[in-house]
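One-letter residues, chain by chain:
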Number of protein chains: 2
Amino acid sequence: MMNDYTICAPATHGIGAISVIRISGAESFPILEKIFHPATSGKIISRQNPNTIHYGTIRDGEKIVDEVLISLFKAPHSYTGEDSIEISCHGSAYIQQKIMELLVANGAQPARPGEFTQRAFLNGKMDLSQAEAVADLIAAESEGAHQVALKQLRGGFSDKLKLLRDQLLHFISMIELELDFSEEEVEFADRKDLVRLVKEIASLINELISSFQLGNVLKNGVPVAIIGRPNVGKSTLLNAILDEERAIVSEIEGTTRDAIEDTMNLEGINFRFIDTAGIRETADTIENLGIRKTYQKIDQASIVLLLTEASDELEIIKRSLEAIRKQLDNGKKNLVVVLNKSDRITEKQIRELVKGISLQENEQIISISAEQKENISGLKSMLLDIVNIGSIKHQDVLISNIRHFNALKSAAESLTRVSEGLSSTLPSDLLAQDIREAIHYLGEITGEVTTDEILGNIFKNFCIGK
Amino acid sequence: MMNDYTICAPATHGIGAISVIRISGAESFPILEKIFHPATSGKIISRQNPNTIHYGTIRDGEKIVDEVLISLFKAPHSYTGEDSIEISCHGSAYIQQKIMELLVANGAQPARPGEFTQRAFLNGKMDLSQAEAVADLIAAESEGAHQVALKQLRGGFSDKLKLLRDQLLHFISMIELELDFSEEEVEFADRKDLVRLVKEIASLINELISSFQLGNVLKNGVPVAIIGRPNVGKSTLLNAILDEERAIVSEIEGTTRDAIEDTMNLEGINFRFIDTAGIRETADTIENLGIRKTYQKIDQASIVLLLTEASDELEIIKRSLEAIRKQLDNGKKNLVVVLNKSDRITEKQIRELVKGISLQENEQIISISAEQKENISGLKSMLLDIVNIGSIKHQDVLISNIRHFNALKSAAESLTRVSEGLSSTLPSDLLAQDIREAIHYLGEITGEVTTDEILGNIFKNFCIGK
């Protein structure tokens, strides 16, 4: 597992007050000593205590490149588990580049994206799901996404999974021993214990699988589309919803928007309002929605707000609802009928309107006035209810990674076959096959089982220097 | 001079593998201890050695915000001269914002731009010219700019200036003593020594003043305009010049371009080619240059390359030269007549052409072929000669800051009056007045004399966190 070369990379990007350059590998200290001159003459860096900071200059021959601080870490007590050094220099692109050139000229190699974290994984400092959490943590833009990533980074479900997987491993070795002695019909593995274990694992796995939707919501936010005919008040509604939140969102740098018009953060969850400008421009009535572009917009959404006017005829609202239902792959998306401009009719009229509309599963109805800012908080609560915010607070174990989701589903399928096999007294060799599969998939999550392809796919999406 | 509040700011900008947040001030440790939980339980951060690194978590109440490393610095051995802490967290905008919020909630104040460096200055860790060098160092995009800033940061001329200023201070106190005893006609200050000192200071000051042009070139690069009638080969020439250099330039992030089309780095100096697209679009011949926009473009340049074709009639080239001379505030800008497409005529013809054009001061002529890449290196050498690269290598003391330049010029004027006064036996009180002025201006450079306005102007241009 040991890497035989030393890597270096800027750990900070862009230009700030300082930049940090990281070095990791067995040659970190010898390489640094070629270019670093301690301010205290005679100080030998490799003899200094780990976790200490030293002042001095980086030099290219006699020429001073910068005055820097270096932080020393020694194997195995570093991020990567290897000898590591962080150079904290002035935040100039020129200096950063120059120091990188010097490090490379003296034997270090520029790190690939995620290579520091990959080494941390290969050196056993973290498992694969924790390594993945590092990237998620850096990318997190909301409290929800941040908490999911942080829990995963700090072990989260993987410790538990590893423990259960180890127990499965114990069983499989027993069963394989039985197979060696198959003619003697011995049973080393207690089938009852196995049934119990499989049940326990299956229960955890199913819990994790069902947490994915929520984890995904927390990680990526909830895409929401507001649709309705022109002038029904889409912009007014969006502004009313975003009113107090806008400042908070815009303070966070680096938010990517793509087709997202605006983002609202409610109780740590990002609701991302998809730009439905296309709909506005091309559709005169809701019935005209059937253009490809609109489909795609709605396809991205997990919640669709169908905005109508409370003063509309009941039949018009019903027709709109019918039309939009056809567009939706129903049962998966949540649809909220929003009766806007509720201030223009009486409460009695609203009640009758609501009574006249029969809702299906995953459909809700609410009356508001975007202009008067009436019941906007009610709409927000409804959005939170839909993503089931309540369950997040109690849920300690969450997955948010599609790779984990797929591996867990495969493991669950294998375990189902193991269960069935156990109750139907399947021959041990077939049983063993299913258990081995479950073990394999569980191992993929935490990285006990891995391939270069899996690793490559995971770390290529990291940033340089992590 | 002490600041009674503790400041905090991100020291890295943008999203990278890590972010660093800085805290400085007397309350740094108490504030940090409220939100930092060391991984080693029971460890008391304020009792740890300075220049050490500690692992732990930042928490908001019970909720973990991030796993971080903290670096401890204790007064006076820190950048600011105060107790300081650097928090190295995961490079997420969310985490950075959250930690900043926690620090502020616990009593720190968000730092103003440059406030860390301003504190370093106020606490005597660096003089004002060194503080200014910090900003220059971060902004440096070329080796030349970098070396000028670094020399200034490391004391450069300011130590020498301070020493000479101290000697002037000694004299002024002697002369003022004389004034107190004016009726007794004593002379405490040896006029011969004063003459010698004034000469010495004036010599250094004049050296520094004359270094400004070069320092400015190194710091800001040399703006070059290529002008000529359409199809004479401007783009081809630019491409030929930039050919090998382009990769190097584009590797440096954060380069600001404005109206700059391209930048070439030659021996550490940035040559910035001004976008003369306006000229290309609007002028059919060089005589038509007299539009305002073109004026401005040429005004920005310190070197103008007048591109003509070697196969042009001598008279046409002369007319072009005449026309461009009228545009230039001559004697200040350097003009190079570039005879392009030299491959299309014989060497003899070129020699005759060159002989036929009489050059003025600051004018040069060269023949090249941009298309065949002939003599491009000759043109590059000529550019380097013009900025007098040779003298840089020997010059150890350079100023690049207009504020210093102005203060030095004022100091030089005062000293000239002192010299004149000494030779014409000016009354001591008038002499004292001139000396005090010189002392004042010298003090402005290093910051012994300063006003809130001067400080405000200097530090407002710093980035946050420096």
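For the structure, check the block above.
If you're wondering where the values come from, they're calculated on a predicted model, not measured in any experiment.

(A) Spotlight on the packing of aromatic side chains. Residue and element names in this part refer to chain A. Tallied over the entire structure, the rule returns four aromatic pairs over all chains. Residues Phe 212 and Phe 405 carry aromatic rings whose centres are separated by 4.3 Å and whose planes lie at 20 degrees to one another, so their mutual orientation is stacked. One end of the pair, Phe 212, is in helix H7 (residues 191-220); the other, Phe 405, is in helix H16 (residues 402-423), and 193 residues separate them in sequence. The two residues Phe 212 and Phe 405 agree in class, both being buried. One residue, Arg 22, lies across the ring of Phe 116, its end atom 5.7 Å from the ring centre. Above the plane of the ring of Tyr 79 lies Lys 466, whose end atom (NZ or CZ) is 4.8 Å from the centre.

(B) Expanded view of unusual backbone geometry. Put simply, Ala 75 of chain A and Pro 76 of chain A share a cis peptide bond, and its omega is -5 degrees. Counting through the fold element by element, Pro 76 of chain A comes out in the loop between strand E5 (63-73) and strand E6 (84-90). Of note, Glu 267 of chain A is a non-glycine position whose phi angle comes to about 45 degrees, a positive value. Within the secondary structure, Glu 267 of chain A is located in the loop between strand E9 (260-266) and strand E10 (269-274). For Thr 425 of chain B, which is not glycine, the phi dihedral falls at a positive 40 degrees. Topologically, Thr 425 of chain B is positioned in the loop between helix H16 (402-423) and helix H17 (428-446).

(C) Looking closely at empty space enclosed by the protein. Applying the stated criterion to the full structure yields six cavities of 30 Å³ or more. Quantified by volume, the largest cavity comes out at close to 180 Å³. As for the largest cavity, its lining consists of 18 residues, and the residues nearest its centre are Ser 71, Glu 86 and Ser 88 of chain A together with Ser 71 and Glu 86 of chain B. Put simply, the parts of the chain that give the lining of the largest cavity at least two residues each are strand E2 (18-24), E5 and E6 of chain A together with strand E2 (18-24), strand E5 (63-73) and strand E6 (84-90) of chain B. Looking at the lining of the largest cavity residue by residue, the class counts come to 12 nonpolar, four polar and two charged.

(D) Structural view of the relation of the copies chain A and chain B. When chain A is brought onto chain B, the operation consists of a screw motion whose angular component is 180 degrees and whose axial shift is 0.0 Å, with 0.2 Å RMSD remaining. Each copy turns onto its partner about a two-fold axis. No C-alpha of chain A approaches the rotation axis more nearly than that of Thr 52 of chain A, which lies at 2.2 Å. Both copies share a contact surface, since 100% of the interface residues of chain A are interface residues in chain B too.

(E) Spatial organisation of the interface of chain A and chain B. Tallying the contact residues gives 51 residues for chain A and 51 residues for chain B. Linking chain A to chain B there are four salt bridges. Between Arg 154 of chain B and Glu 67 of chain A there is a salt bridge whose closest N-O contact spans 2.7 Å. In this structure, the connection of chain A to chain B is made through 14 residue pairs in polar contact (both at pLDDT 80 or more). Of the residues forming the side of chain A that touches chain B, the biggest block, nine residues, is contributed by E5 of chain A.

(F) Main features of H16 of chain B. All names here are of chain B. Compared with an ideal rise of 1.5 Å per residue, which puts 22 residues at 32 Å, H16 spans 32 Å between its outermost C-alpha atoms and is within 8% of the ideal. Those residues of H16 lying buried are Arg 403, His 404, Phe 405, Ala 407, Leu 408, Ala 411, Ala 412, Ser 414, Leu 415, Val 418, Gly 421 and Leu 422. Structurally, H16 contributes buried residues whose contacts are with helix H4 (128-139), helix H5 (143-153), helix H6 (158-180), helix H7 (191-220), H17 and helix H18 (452-459). Backbone geometry just downstream of H16 places Thr 425 in the positive-phi region, at approximately 40 degrees.

(G) View of the pattern of salt bridges. Residue and element names in this part refer to chain A. Under the defined criterion, the tally for this structure stands at 44 salt bridges over all chains. With a shortest N-O distance of 3.0 Å, Glu 322 and Arg 325 are connected by a salt bridge. Placement of the pair is Glu 322 and Arg 325 together in helix H12 (residues 314-327), with a separation of three residues, close to one helical turn. Judged by relative accessible area, which is 41%, Glu 322 ranks as partly exposed. Take Arg 325: its relative accessible area is 11%, and that puts it in the buried class.

(H) The sheet that holds strand E1 (residues 7-10) of chain B, seen in detail. Residue and element names in this part refer to chain B. If you trace the seven strands from one edge of the open sheet to the other, you get E3-E4-E5-E6-E2-E1-E7, paired in mixed fashion. The two strands at the open ends of the sheet, each matched to only one other strand, are strand E3 (36-38) and strand E7 (109-110). With four bridges connecting them, E1 and E2 associate as antiparallel partners. Looking at E2, one finds that Ala 9 is bridged to Arg 22. Its contacts with the sheet place helix H1 (residues 28-35) against E2, E3, strand E4 (53-60), E5 and E6, and it is angled at close to 30 degrees to E6. Packed onto the sheet, helix H3 (residues 115-122) meets E1, E2 and E7 and runs at close to 135 degrees relative to E1.

What counts and how
Every residue gets a number counted from 1 within its own chain, in the order that chain's sequence is written. Chain A is the first chain written and ligand 1 is the first ligand written, with later ones labelled in order. With pLDDT at 70 or above as the cut-off, local features in this predicted model cover only qualifying residues; side-chain atom pairs require 80 or more to be listed or tallied, and sums for whole chains, interfaces and linings still use all residues. For the side-chain quantities, the full set of heavy atoms in the structure was used; hydrogens and water were omitted. Aromatic rings from Phe, Tyr and Trp, with only the six-membered ring used for Trp, were paired whenever their centres fell within 6.5 Å, and each pair was classed as stacked if the ring planes differed by under 30 degrees, edge-to-face if by over 60, and tilted otherwise. Secondary structure elements follow DSSP: runs of H or I of four or more residues count as helices, runs of E of two or more count as strands, with numbering from the N terminus. The rule is simple: take the accessible area with a 1.4 Å probe, protein chains only, and divide by the maximum for that residue type; under 20% is buried, over 50% is exposed, in between is partly exposed. Any Lys NZ or Arg CZ found within 6 Å of a ring centre and within 35 degrees of that ring's normal is scored as a charge over the ring. Points on a 1 Å grid over protein atoms alone make up a cavity when a 1.4 Å probe fits among them but cannot get out, and a pocket when they form an open set with protein on both sides within 12 Å along at least five of seven lines; lining residues each have an atom within 4 Å of a point. Grid points are joined across faces, edges and corners, and a volume is the space filled by probe spheres set on the points. Classification used: nonpolar for Ala, Val, Leu, Ile, Met, Phe, Trp, Tyr, Cys and Pro, charged for Asp, Glu, Lys and Arg, polar for all others including Gly. Fitting of the copies onto one another was done by least squares over C-alpha atoms, counting residues only where both copies have pLDDT of at least 70. Any two residues whose heavy atoms approach within 4.5 Å at even a single point are treated as in contact. Take a side-chain nitrogen of Lys or Arg and a carboxyl oxygen of Asp or Glu: if they are within 4 Å of each other, that pair is a salt bridge. Distance and chemistry together define a polar contact, namely a pair of N or O atoms within 3.5 Å, with one atom able to donate a hydrogen and the other to accept it when in protein, and with adjacent residues in sequence counting only for side-chain atoms on both sides. Each residue after the first adds 1.5 Å to the expected span of a helix. The pairing criterion is simple: DSSP has to find at least two bridges between the two strands. Simply put, an axis is a line fit to the C-alpha atoms, just over the touching stretch for a helix, and the angle between two N-to-C directions goes from 0 to 180 degrees.

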